[in-house]
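This is what each chain is made of:
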Amino acid sequence: AEILEAQESDQAQTVLLEAYDLATQAGVQEQERAVLERLVTYYEGIQDFEKAFTWQSRLLQAERVFYDQRRTQQIEELMAVHQVEQKAIEAELYRVRTEELSDLVAARTEELKAQRDQLRQAYDLAEAASRAKSTFLAVTSHELRTPLTSIIGYTEILLEDATLPPRYATDLGHILNAAHHL
């Protein structure tokens, strides 16, 4: 307030320039811009338009830097939000894919279990059929061997008989061959 009241004094100019240097060194952009505005007002008040224009240029440059930094900060904040959102989307996509794969694995496991059970049943049926075949062949073989042994024995006895007509010998030879074959 004192500076603005004494705009025409050299002391006001000195105080403003010192305040500008302090704000610049401290890096406080808002104070720097406030001092620059007062310097512009001061030089316009004493009608030193050349200096007012110089300080106005510095003020515009400081505002440009301030707004560029602010815009950069906003862009960085937006990028950070975007990265967080992107990571959330990726995490959700990973979760969904994991669930889908888990479902597929569970379904495939169930299919394989069903196939295994079917194969086990088919194997058990094949084993039972093989045992039944073996039993059948053993019983049938035994049942056929007993009468065939008798047929072979009596046929050989008849063939040894010298009084047998030759035409019967041929038929008995066929019986004997068929019996040996069976």
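For the structure, see preceding data.
Since the structure is predicted, the reported quantities are computational estimates derived from the model, not experimental observations.

Quick word on the packing of aromatic side chains
Okay, step 1: Within the structure shown, the criterion is met by two aromatic pairs.
Okay, step 2: A centroid spacing of 5.0 Å and a plane angle of 75° characterise the contact between Tyr-42 and Tyr-43, whose relative ring orientation is edge-to-face. Note on accessibility: Tyr-42 and Tyr-43 belong to one class, buried.
Okay, step 3: Centroid distance Phe-66 to Tyr-67: 5.2 Å. Interplanar angle 75°. Geometry classified as edge-to-face.
Okay, step 4: Using a relative accessible area of 15% as the deciding quantity, one classes Phe-66 as buried.
Okay, step 5: Using a relative accessible area of 45% as the deciding quantity, one classes Tyr-67 as partly exposed.
Okay, step 6: The lysine or arginine in question, Arg-33, covers the ring of Tyr-67, its NZ or CZ lying 6.0 Å from the ring centre.
Okay, step 7: Sitting over the face of the ring of Trp-55, Arg-58 holds its NZ or CZ atom 4.5 Å from the ring centroid.

A look at the nonpolar core
Okay, step 1: One finds Tyr-20, Leu-36, Leu-39, Tyr-42, Tyr-43 and Trp-55 to be the most contacted residues of the largest nonpolar core, which totals 13 residues.
Okay, step 2: Looking at this core, the elements with two or more residues in it are α2 (10–26), α3 (29–45) and α4 (49–160).
Okay, step 3: Take this core: its biggest share by element is six residues, from α3.
Okay, step 4: Those residues in contact with Leu-36 that lie beyond four places of it in its chain are Tyr-20, Trp-55, Arg-58, Leu-59 and Ala-62.

Digging into the pattern of salt bridges
Okay, step 1: A complete count under the given rule lists six salt bridges for this structure.
Okay, step 2: Here Arg-108 ties to Glu-111 by a salt bridge, and the two come within 3.0 Å at their closest N and O atoms. Taken together, the residues span about one helical turn, with Arg-108 and Glu-111 both in helix α4 at a distance of three residues.
Okay, step 3: For Glu-111, a relative accessible area of 43% puts it in the partly exposed group.
Okay, step 4: The partner of Arg-116 in a salt bridge is Asp-117, and the shortest N-O contact between them spans 3.7 Å.
Okay, step 5: Residue classification places Asp-117 among the partly exposed residues on the basis of a relative accessible area of 36%.
Okay, step 6: Through salt bridges that share partners, Glu-92, Arg-95 and Glu-99 make up one connected network.

What counts, and at which threshold
- Residues numbered from 1 in each chain as written.
- Predicted model: local features only at pLDDT ≥ 70, side-chain atom pairs only at ≥ 80, totals over all residues.
- Heavy atoms only, no water.
- Phe/Tyr/Trp six-rings, centres within 6.5 Å; stacked < 30°, edge-to-face > 60°.
- Buried < 20%, exposed > 50% of the residue type's maximum accessible area, 1.4 Å probe, protein only.
- Lys NZ or Arg CZ within 6 Å of the ring centre and 35° of its normal.
- Core = buried A, V, L, I, M, F, W, Y, C linked by side-chain atoms within 4.5 Å.
- Helix = DSSP H or I, 4+ residues; strand = E, 2+ residues; numbered from the N terminus.
- Contact = heavy atoms within 4.5 Å.
- Salt bridge = Lys/Arg side-chain N within 4 Å of Asp/Glu carboxyl O.

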